[in-house]
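Okay, here's what each chain looks like letter by letter:
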Number of protein chains: 2
Amino acid sequence: MSSENASIQMFGIKTPIIREGDDIVQILEKALEESGLVPVDGDIFVLAESAVGTAEGREVKLADITPCRRAKELGDQYGIDPREMELVLQECDEIFGGVPGAALTITKGVLAPNAGIDASNSPEGYVTLLPEDPRKSSENIRHRLEQRYSCRLGVIIGDSRTQPLRLGCSGIALGVSGFVPVEDARGTNDIYGKPLRITYKAVADNLVSAAELIMGEAGERVPCVLVRGAPVSMVNESPEMPTISMEGCMYFGNVIRGRADNKCTGKND
Amino acid sequence: MSSENASIQMFGIKTPIIREGDDIVQILEKALEESGLVPVDGDIFVLAESAVGTAEGREVKLADITPCRRAKELGDQYGIDPREMELVLQECDEIFGGVPGAALTITKGVLAPNAGIDASNSPEGYVTLLPEDPRKSSENIRHRLEQRYSCRLGVIIGDSRTQPLRLGCSGIALGVSGFVPVEDARGTNDIYGKPLRITYKAVADNLVSAAELIMGEAGERVPCVLVRGAPVSMVNESPEMPTISMEGCMYFGNVIRGRADNKCTGKND
């Protein structure tokens, strides 16, 4: 993990539009072949959740959804299509507020506006839900890619998020396989030999943010970025994304007072 | 800005320990020469705020600081050295809560724990304040580098931040020069030709997050990363980092209710 002359390369992998039922690994293999890229040990594949979700059949036709009373109320409150709000309620673990256009939820353990449901890059009248189990998806894809290319790889299913009081989207890792997503730097020292105060590095999130420089949010059809040379710790497993509690979070720790008022379970009433 | 076969390279620039009064551009020039790297049009330099702040004489000896009453109270409340808390109060625009070890502030327009004051990578008994004016620092450095290498460059002064409910630090841009820090994707379409819902890309923040993959937080002495090939929009100015209001922020919009209780102006009473 030395940073002496460290360098990283990132390659955007352009693909055809990915549709329900597509085999995303086959699509990647073909795209890699066309680009002349051959994966090597330590390469990390960052995949857009929308592409993975679509391939896994997570596109939902809004016309098929009947919103419950609460979905109608909340949709009204946040200016969200009640049918989409219904899906938000079904998908999320918890919902605790929002702003116009976005209900703030925790979904699959991650803070996600509108339960991560995305209308962009879905056909007209459809939305795409997050992959059912991003960690498992990343693991399946990694195993198949590793077998195909006979090397040790990492895979991330990534998404976009805003940060507090910032304009614009950064990256967030929903599920990872093959490397350590958050590096624990406790026990290491600063340039003066003093123990570090900032102790964790969000390696997986940073990889997604880096990949988003190439991926874009728009119709660029680059649902995958291959990152080469990143100083990550490879492991032959799919670590859970470590989380912190609301109480331990700098932003939520003692500033959320209204949470209990807005909280609902996310289940239909 | 096509992403066809887009690729990005990042190079860590290793330097000696940077001390007060050092000329950071001279240090970079020497380090680049030793690494054999020659900047080209469109290269972005991501610089750690601690290195820039140190060179600019922003190291403060804690023994020279006398905390006011409020600094003692808040230091006590959040478990922060009252002398450092005094500096937090002097540096920040606003403070509105915190968790053990971190007072949550807005400083130079940016959400920053402890006003961005850093004890890591400072000599024993010292802390380093944020650069006085990160935007101006980035502009000065860019102008000198552009003159030296006769090409158009971008410069970012970057820092580390946690994200809500996430473990580990990502990157944030405090000041930029030479390129557009947040890309406005409104008017572009998704892969199905529909207008995009997510409309802004945090390009500068993502570049810092990418750089942090190499920089690390520890004693790696890589205070600079050169990013080559990033699809950014170069401009011959130093754009302000666009901000959003608390009311418009998904996280702060309607979940912070206790803010008024904890709010103080950040000035000594």
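Note that the coordinates shown come from a computational prediction; the quantities given were computed from them, not determined experimentally.

Parameters at a glance
Residues numbered from 1 in each chain as written. Chains lettered and ligands numbered in written order. Predicted model: local features only at pLDDT ≥ 70, side-chain atom pairs only at ≥ 80, totals over all residues. Heavy atoms only, no water. Buried < 20%, exposed > 50% of the residue type's maximum accessible area, 1.4 Å probe, protein only. Helix = DSSP H or I, 4+ residues; strand = E, 2+ residues; numbered from the N terminus. Pairing = 2+ DSSP bridges. Axes fitted to C-alpha atoms, helices over the stretch in contact; angles between N-to-C directions. Contact = heavy atoms within 4.5 Å. Salt bridge = Lys/Arg side-chain N within 4 Å of Asp/Glu carboxyl O. Expected span 1.5 Å × (residues − 1). Arc of directions from axis to C-beta. Least-squares fit on C-alpha atoms with pLDDT ≥ 70 in both. Domains from an automatic or database assignment. Buried area = accessible area lost by both parts, 1.4 Å probe. Polar contact = N/O pair within 3.5 Å; in protein donor to acceptor, adjacent residues only side chain to side chain. Nonpolar A, V, L, I, M, F, W, Y, C, P; charged D, E, K, R; others polar. Core = buried A, V, L, I, M, F, W, Y, C linked by side-chain atoms within 4.5 Å. Parallel < 35°, antiparallel > 145°, perpendicular 65-115°, else oblique. Left-handed = near helix turned anticlockwise from the far one by under 90°.

Moving on, we come to the pairing of strand S4 (residues 94-99) of chain A. Residue and element names in this part refer to chain A. Most of S4 sits out of view: six of its six residues are buried. Here four bridges tie S4 to strand S5 (residues 102-107), and the two strands are oriented antiparallel to one another. Each bridged residue has a counterpart across the sheet, and for Glu-94 the counterpart in S5 is Ile-106.

Attention now moves to the sheet that holds strand S4 (residues 94-99) of chain B. Residues and elements named next belong to chain B. Read from one edge to the other, the open sheet built from three strands follows the order S4-S5-S6, with strand pairing classed as antiparallel. Here the strands that pair on one side only, and so sit at the sheet edges, are S4 and strand S6 (110-113). Ignoring which end each strand starts from, the neighbouring axes of this sheet average 25° apart. Bridge count between strand S5 (residues 102-107) and S6: four bridges; the pairing is antiparallel. Within the sheet, the bridge partner assigned to Thr-105 lies in S6 and is Ala-112. In this fold helix H3 (residues 69-78) packs onto S4 and S5, with an angle of close to 30° to the strand it touches most, S4.

All names here are of chain A. Spatial strand order, S4-S5-S6: three strands in an open sheet with antiparallel pairing. Whereas interior strands pair on both sides, the edge strands pair on one side only; in this sheet they are S4 and strand S6 (110-113). Strand-to-strand twist across the sheet, computed as the mean angle between neighbouring axes with direction ignored, equals 25°. Here helix H3 (residues 69-78) sits on the sheet in contact with S4 and S5, set at roughly 30° to S4.

Attention now goes to the pattern of salt bridges. Scanning the model with the defined rule gives 24 salt bridges over all chains in all. Taken together, the shared-partner salt bridges connect Arg58(A), Glu91(A) and Glu132(A) into one network.

Attention now moves to helix H5 (residues 134-149) of chain B. Residue and element names in this part refer to chain B. Under the 1.5 Å per step criterion, the end-to-end length of H5 is 22 Å for 16 residues, consistent within 8% with the ideal 22 Å. Those residues of H5 lying buried are Pro-134, Ser-137, Ser-138, Ile-141, Arg-142, Leu-145, Glu-146 and Tyr-149. Buried positions in H5, seen along its axis, are confined to an arc of 155° and lie on one side of it. The inward-facing, buried residues of H5 contact helix H1 (24-35), strand S2 (44-48), helix H2 (49-55), strand S8 (154-162) and strand S9 (169-177). Just beyond H5, the residue with positive phi is Ser-150, at close to 50°.

For the match of chain B to chain A, the screw axis carries a shift of 0.0 Å, the RMSD comes to 0.0 Å, and the turn is 180°. Read as a symmetry element, the transformation amounts to a two-fold axis.

In this section: the domain arrangement of chain A. All names here are of chain A. Examined at the domain level, chain A breaks down into domain 1 (10-56 + 133-264) and domain 2 (59-129). With 17 residues of domain 1 in contact, the opposing surface of domain 2 contributes 19 residues. Summing both sides of the interface, domain 1 and domain 2 together bury roughly 1500 Å²; the carbon and sulfur share of this comes to 56%. Between domain 1 and domain 2 we count zero salt bridges in total. Among the secondary structure elements, those contributing two or more residues to the side of domain 1 that touches domain 2 are helix H2 (49-55), strand S9 (169-177) and helix H7 (259-262). Looking at the side of domain 1 that touches domain 2, the element that brings in the most residues is H2, giving four residues.

Moving on, we come to the environment of Glu247(A). Its location among the elements puts Glu247(A) in the loop between strand S12 (224-228) and H7. Separated by 92 residues in sequence, Glu247(A) and Val155(A) place their C-alpha atoms 30 Å apart.

This paragraph deals with the side chain of Arg58(B). All names here are of chain B. Mapped onto the secondary structure, Arg-58 falls in the loop between H2 and strand S3 (59-61). Look at Arg-58 and you get buried, because its relative accessible area is 10%. Within the structure, the side chain of Arg-58 is placed 2.7 Å from the backbone oxygen of Leu-130, a separation counted as a polar contact. Those residues in contact with Arg-58 that lie beyond four places of it in its chain are Gly-53, Glu-91, Lys-108, Val-127, Thr-128, Leu-129, Leu-130, Pro-131 and Glu-132.

Here we take up the environment of Ile65(B). Residues and elements named next belong to chain B. Within the fold, Ile-65 resides in the loop between S3 and H3. Note on Ile-65: relative accessible area 16%, which makes it buried. Apart from residues lying up to four places away in sequence, Ile-65 is in contact with Val-60, Arg-83, Glu-86 and Leu-87.

Right, let's talk about the interface of chain B and chain A for a bit. With 96 residues of chain B in contact, the opposing surface of chain A contributes 97 residues. Overall, the association of chain B and chain A removes approximately 8900 Å² of surface from exposure, summing both partners, and the carbon and sulfur fraction of that is 60%. The largest per-residue losses of area from chain B upon contact with chain A belong to Leu165(B), Arg166(B) and Leu167(B), which jointly make up 10% of the total buried on that side. The tally of links from chain B across to chain A stands at two salt bridges. Here Asp205(B) makes a salt bridge to Arg166(A), at a shortest N to O gap of 2.7 Å. Viewed at the interface, chain A and chain B are joined by 20 residue pairs in polar contact (both at pLDDT 80 or more). The leading source of residues in the side of chain B that touches chain A is helix H6 (residues 203-215) of chain B, at nine residues. Split into classes, the residues belonging to the side of chain B that touches chain A amount to 49 nonpolar, 26 polar and 21 charged. Across five bridges, the pairing between strand S1 (residues 7-13) of chain A and strand S1 (residues 7-13) of chain B is antiparallel.

Membership of the largest hydrophobic core comes to 50 residues, with the highest contact counts inside it found for Ile156(A), Leu207(A), Ile156(B) and Leu207(B). In contact with Leu207(A), not counting residues within four places along its chain, are Ile44(A), Val46(A), Ile156(A), Phe179(A), Val227(A), Ala230(A), Val232(A) and Leu213(B).

Residues and elements named next belong to chain A. Relative to each other, helix H1 (residues 24-35) and helix H5 (residues 134-149) sit at 40°, their axes nearing to 10 Å. When the interaxial angle is binned, H1 and H5 end up oblique. Read as a crossing pair, H1 and H5 show a hand that is right-handed. Contacts between H1 and H5 pair Ile-24, Val-25, Gln-26, Leu-28, Glu-29 and Leu-32 from the former with Ile-141, Arg-144, Leu-145, Arg-148 and Tyr-149 from the latter. Per-class residue counts for the contact of H1 with H5 are seven nonpolar, one polar and three charged.

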